[in-house]
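Residues per chain, in single letters:
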Amino acid sequence: MFECLIVGDSIAVGVANERPECVAYAKGGINTHQWNNKYRHENLTAKTAIISLGTNDHKHVKTLVELNYMRGRVKAERVFWIMPPCNDKFCKPEVNKWVEQVAKEWGDTIIGTQRLQKDAIHPSWAGYKELANKSK
């Protein structure tokens, strides 16, 4: 069992930089289906797990199915979901709804930040620190 596990996309990579004590299975640009395929054999047992997935999903990804599949593999005492950003430049309301649904079904905690880079997707350095602190 890991003390701390971070799974997901480039946002997870950024949080992992702020939480070097955590094991990270994260890759920039990866969608939920790709993540499930790439990391299908990894141990996802930890005291604390931090998940950032869905931001790179598109209409051909069955996001809700993929999120549920991944979450079913995570065995952790505490699980934090990083909510994908939703603002006037970037928003995927369906994805956010599904992240919220899966987190609620499992009794997990949702965290987020409004401190974003100019792309309106990725957290700023202060945003990554905020997410890292919220997940402790």
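Right above here is the structure, for reference.
For the structure given in this document, a descriptive report is provided here. On a predicted model such as this, the values are computed, not experimentally measured, just so you know. Residue positions within a chain follow its written sequence, with the count starting from 1. Local features in this predicted model are restricted to residues whose pLDDT is 70 or higher, and side-chain atom pairs enter the listing and the counts only when it is 80 or higher, whereas totals over whole chains, interfaces and linings include all residues. Processing note: side-chain calculations cover all non-hydrogen atoms of the structure and skip hydrogens and water entirely.

Let us now look at the overall build of the protein. Looking only at helices and strands, the protein features 5 helices and 5 strands. In sequence order, the secondary structure elements of the protein are arranged as β-α-β-α-β-α-β-α-β-α. Using C-alpha atoms as the atom set, the radius of gyration is obtained and then compared with a globule rule of 2.2 Å times the number of residues to the power 0.38. Against the compact-globule benchmark of 14 Å for 136 residues, the protein has a radius of gyration of 13 Å, which places it among compact chains. If you line up the protein on its principal axes, its C-alpha atoms span 40 × 30 × 25 Å. Residue exposure (1.4 Å probe, protein chains only): buried if accessible area is under 20% of the type maximum, exposed if over 50%, otherwise partly exposed. The buried share among the 136 residues of the protein stands at 46%. Of the roughly 7,000 Å² that the protein leaves accessible, carbon and sulfur atoms contribute 51%. Positive residues here are Lys and Arg, negative ones are Asp and Glu, while His and the chain termini are left out of the count. Think of each charge as sitting on NZ of Lys, CZ of Arg, CG of Asp or CD of Glu. A distance of 2 Å separates the average location of the 20 positive side-chain charges in the protein from that of its 15 negative side-chain charges. Helix and strand definitions follow DSSP, with helices as H or I runs of at least four residues and strands as E runs of at least two, each counted in order from the N terminus. In short, Shrake-Rupley with a 1.4 Å probe defines the accessible areas, and a residue's cover is counted only from the protein chains shown.

Let us look at helix α4 (residues 93-106). An expected span of 1.5 Å times one less than the residue number is assigned to each helix. The end-to-end C-alpha distance of α4 is 20 Å, a good match for the 20 Å that 14 residues give at a rise of 1.5 Å each. The complete set of buried residues in α4 reads V95, N96, V99, V102 and A103. All buried residues of α4 project into a common sector of 130° when viewed along the axis, lining one side. Across α4 from its buried face, at more than 90 degrees, point the exposed residues P93, K104 and E105. By definition in these notes, contact holds between two residues if any of their heavy atoms fall within 4.5 Å. Looking at the buried positions of α4, the neighbouring elements they touch are α3 (63-73), β4 (75-82) and β5 (109-111). Each C-beta atom gives one direction from the helix axis, and the arc is the one those directions make.

Note on pairing: two strands pair once DSSP finds at least 2 bridges between them. Here strand β3 (residues 45-52) runs beside β4; their pairing, made up of 6 bridges, is parallel. Directly across from I51, in β4, lies its bridge partner W81. With the strands pointing away from the viewer, any crossover whose connection runs clockwise from the first strand over the helix to the second is right-handed. The parallel pair β3 and β4, bridged by α3, forms a crossover whose chirality is right-handed. Bridging between β4 and β5 involves 3 bridges; their strand directions are parallel. In the strand pairing of β5, I82 is matched with I111.

Working definition: two side chains of opposite charge can pair if their charged atoms are close together. In the sections that follow, a salt bridge refers to a side-chain nitrogen of Lys or Arg positioned within 4 Å of a carboxyl oxygen of Asp or Glu. Under the criterion given, the structure shown has 6 salt bridges. E21 serves as the salt-bridge partner of R19, at 2.5 Å between the closest nitrogen and oxygen. Across the pair E130 and K134 runs a salt bridge, and its minimum N-O distance is 3.0 Å. Within this pair, E130 and its partner K134 are both found in helix α5 (residues 125-134), separated by 4 residues, close to a single helical turn. Here K134 falls in the partly exposed class, since its relative accessible area comes to 37%. Ionic contacts of the salt-bridge type, sharing partners, join the residues R115, E130 and K134 into one network.

All of the buried residues in helix α1 (residues 10-18) are S10, I11, A12, G14, V15 and A16. Its buried side turned inward, α1 meets β1 (2-8), β2 (23-26), β3, β4 and α5. Residue D9 occupies the N-cap position of α1, its side-chain oxygen lying 3.1 Å from the main-chain nitrogen of I11. Definition of a polar contact: a pair of N or O atoms within 3.5 Å, with one able to donate and the other able to accept a hydrogen when the atoms are protein atoms, and with sequence-neighbouring residues admitted only if both atoms are side-chain atoms.

Purely geometric stuff here, so don't read any function into it on its own.
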